[in-house]
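Chain residues, written in single-letter form:
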Amino acid sequence: MFFYVNFFILCYTKNGDSMNIIDIINKKRKDGILTFEEIEFAINGFLNDEILDSQMSSLLMAMVINGMSDQETFDMTDIMLKSGDIVDLSSINGIKVDKHSTGGVGDKTSLIVVPLVASCGVKVAKMSGRGLGHTGGTIDKLESIDGFNVNLSEESFIKQVNEIGCALISQTFELAPADKKIYALRDKTATVESIPLIAASIMSKKLASGADKIVIDVKVGEDAFMKEIDSARELAKLMVKIGKNKGKEVVCVLTNMEQPLGNHIGNALEVHEAIKTLNNDGPKDLVSVVMTLASIMVSLGKSISIEDAKTEVEENLRNGKAYQKFKDMVAYQQGNIENIPVSKHVFSIKSSKTGFITEINAYRLGMIERSMNANRFNQDGLIDATVGFVLNKKIGDYVLENEELLKVYLNTNDVNVKEVLDCFEIKDNLAQELPLIYEIIK
Ligand code: URA
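Computed from a prediction, not measured in an experiment: that's the story for all the values here.

Undergrad: Explain a negative patch on the surface to me, please; I cannot follow it from the model alone.
TA: Where like charges cluster on the molecular surface, the negative patch consists of D85, D88, E154, E155 and E174. Secondary-structure assignment places E174 in the loop between β5 (166-170) and α9 (177-188).

Okay, structure coming up:
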């Protein structure tokens, strides 16, 4: 009965022509260009349960196969953006700059970049998500700090950013619910891999978060969403265009995700590594990505060159102002920095051979970590913040047989050593070193 009613849902355009979802699917199937009203009809109808999952997934598949024009992508972004709350940050003085990462194992950059940028006088009012799948989320990492409150009211959030320059909270607002519903369907129907759909999805949420300027870290590599530099560049260019269409400056940085970022993987362990980095003792790759993202954010916030911004950022990392800002943020959000427990059950895994590390499969390490309860299998799952890995070797390092490759922090049954060792490829010769920062696109 429901299907029968749904089949005949009609709507009228401004010209008085009728619209129905079957015609819209057919039009896109034949590689037509959809109007704003047709996309709006489909998305809002799906959000209101008037259009079936099967119909929306057919339309999405036609979009994946036939592509979307820039105008269709702008329209889809706009409709999803307006489907929920749009955060108003206008009561925070000055330019607000946000950052986003397309996600990677060991990516704890927000924990460092947010206070570092704020210490240079640029406001960052950041809302982050929880981890799902093989990568962790910033909110789960922050919650490993005893007492840290990620659920500030809108008023406290704005007050904190005005007073100390930054805050990192969980999404209390309902940002782009149409994207949330569509993304869940895409995940089940093999319709994730489309550059316009990914760009519209990311940008609808970022634009709804209310910042004036946005820096996006697009991860590239075997362990990232974007496996190839060409597709990552295409995605980045499209997101910059969507920003321009909305009057917001967006800069994308293409960064290497061929191995975990930094040495620590796991919520509490990553907070420890972030603190070390803020104390000038961070691993080279993590420091390099952090410095690049922070310099671009400061240059956007202060309208200065990236080189001048980099000088300020380096100085504030060196002189401890960035770490002081991190401590201020943790104190404002009732966290106790002295108490970030990690598991006491530590197991050392040794190399089975001598040679150069040529590959570390971050995706598989992330999945093993998830099986240790570090990450959730579904949105409501509980996690263990104290578990994870600390890598002793990265790609390019030389390792001797029986030398430690990594430490495992765990609370579950023994880890499958062979499975972990299989994540490492060790060869007689060094692999060609790939750049860490590929390109900046603006
Ligand atoms: N991340 C998103 O938010 N959306 C996508 O479509 C893909 C990655």
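Undergrad: Would you explain the site of the ligand in this entry?
TA: The environment of the ligand is formed by Y183, R186, I198, S201, I202, K205 and F225. S201 places a side-chain nitrogen or oxygen 2.6 Å from a nitrogen atom of the ligand. Residue K205 places a side-chain N or O atom 2.5 Å away from an oxygen atom belonging to the ligand. At the level of secondary structure, the elements contributing two or more residues to the shell around the ligand comprise α9 and α10 (195-208). For the shell around the ligand, the element with the highest residue contribution is α10, accounting for 4 residues. When its residues are assigned to classes, the shell around the ligand shows 4 nonpolar, 1 polar and 2 charged.

Undergrad: When you look at the sheet that holds strand β7 (residues 249-256) in this model, what are you seeing that I'm missing?
TA: Within a sheet, neighbouring strands are paired by backbone hydrogen bonds and run either parallel or antiparallel to one another. Taken together, 4 strands build an open sheet; the order of strands is β3-β6-β7-β15 and the sheet is mixed. Where the open sheet ends on each side, the last strands, each with one partner, are β3 (97-101) and β15 (437-441). Direction aside, the axes of adjacent strands within the sheet are offset by 15° on average. Sheet analysis places strand β6 (residues 213-220) next to β7, joined by 8 bridges and oriented parallel. Paired with I214 across the strands is V250, a residue of β7. Contacts from helix α13 (residues 284-302) reach β3, β6, β7 and β15, with the element oriented near 155° to β6.

Undergrad: Which parts of the structure should I look at to understand empty space enclosed by the protein?
TA: Counted according to the given criterion, the structure contains 1 cavity of 30 Å³ or more. When its volume is computed, the largest cavity comes out at roughly 60 Å³. Taken together, 14 residues form the lining of the largest cavity, with G136, G266, E270, E369 and N375 sitting closest to its centre. Among the residues making up the lining of the largest cavity, the classes are represented as 3 nonpolar, 8 polar and 3 charged.

Undergrad: I keep staring at the packing of aromatic side chains and nothing clicks. Help me out?
TA: How two aromatic rings sit relative to each other is set out by the distance from centre to centre and by the angle between their planes. According to the stated counting rule, one finds 2 aromatic pairs in the structure shown. Relative to F326, the ring of Y323 lies with its centre 6.4 Å away and its plane at 15°, an arrangement referred to as stacked. With Y323 and F326 both in helix α15 (residues 321-332) and 3 residues apart, this pair spans about one turn of that helix. On the basis of relative accessibility, which here comes to 16%, the residue Y323 falls in the buried class. One Lys or Arg, K181, reaches over the ring of F46 and ends 4.5 Å from the middle of that ring.

Undergrad: How should the nonpolar core be read in this particular structure?
TA: Nonpolar side chains tend toward joint burial in soluble globular proteins. Ranked by size, the top nonpolar core spans 49 residues in total, and within it L116, V117, L142, I145, V215 and F326 carry the most contacts. Looking at this core, the elements that each hand over two or more residues are α6 (109-119), α7 (138-142), β5, β7, α12 (267-278), α13, α14 (306-318) and α15. Take this core: its biggest share by element is 10 residues, from α13. For I145, the residues in contact, after removing those within four places along its chain, are V271, F326, V330, G335, N336, I337, N339 and I340. Counting 38 residues, the second largest nonpolar core, distinct from the first, contains L89, L152, A232 and V250.

How each quantity is defined
- Residues numbered from 1 in each chain as written.
- Predicted model: local features only at pLDDT ≥ 70, side-chain atom pairs only at ≥ 80, totals over all residues.
- Heavy atoms only, no water.
- Patch = residues over 30% accessible without salt bridge, like charges linked within 9 Å, V, L, I, M, F, W, Y side chains within 5 Å.
- Areas by Shrake-Rupley, 256 points an atom, 1.4 Å probe, with all protein chains shown as cover.
- Salt bridge = Lys/Arg side-chain N within 4 Å of Asp/Glu carboxyl O.
- Lys, Arg positive; Asp, Glu negative; His and termini not counted.
- Charge placed at Lys NZ, Arg CZ, Asp CG, Glu CD.
- Helix = DSSP H or I, 4+ residues; strand = E, 2+ residues; numbered from the N terminus.
- Near = heavy atom within 4 Å.
- Polar contact = N/O pair within 3.5 Å; in protein donor to acceptor, adjacent residues only side chain to side chain.
- Nonpolar A, V, L, I, M, F, W, Y, C, P; charged D, E, K, R; others polar.
- Pairing = 2+ DSSP bridges.
- Axes fitted to C-alpha atoms, helices over the stretch in contact; angles between N-to-C directions.
- Contact = heavy atoms within 4.5 Å.
- 1 Å grid on protein atoms, 1.4 Å probe; cavity = no way out; pocket = protein on both sides within 12 Å on 5 of 7 lines; lining within 4 Å.
- Points joined across faces, edges and corners; volume = space filled by probe spheres on them.
- Phe/Tyr/Trp six-rings, centres within 6.5 Å; stacked < 30°, edge-to-face > 60°.
- Buried < 20%, exposed > 50% of the residue type's maximum accessible area, 1.4 Å probe, protein only.
- Lys NZ or Arg CZ within 6 Å of the ring centre and 35° of its normal.
- Core = buried A, V, L, I, M, F, W, Y, C linked by side-chain atoms within 4.5 Å.

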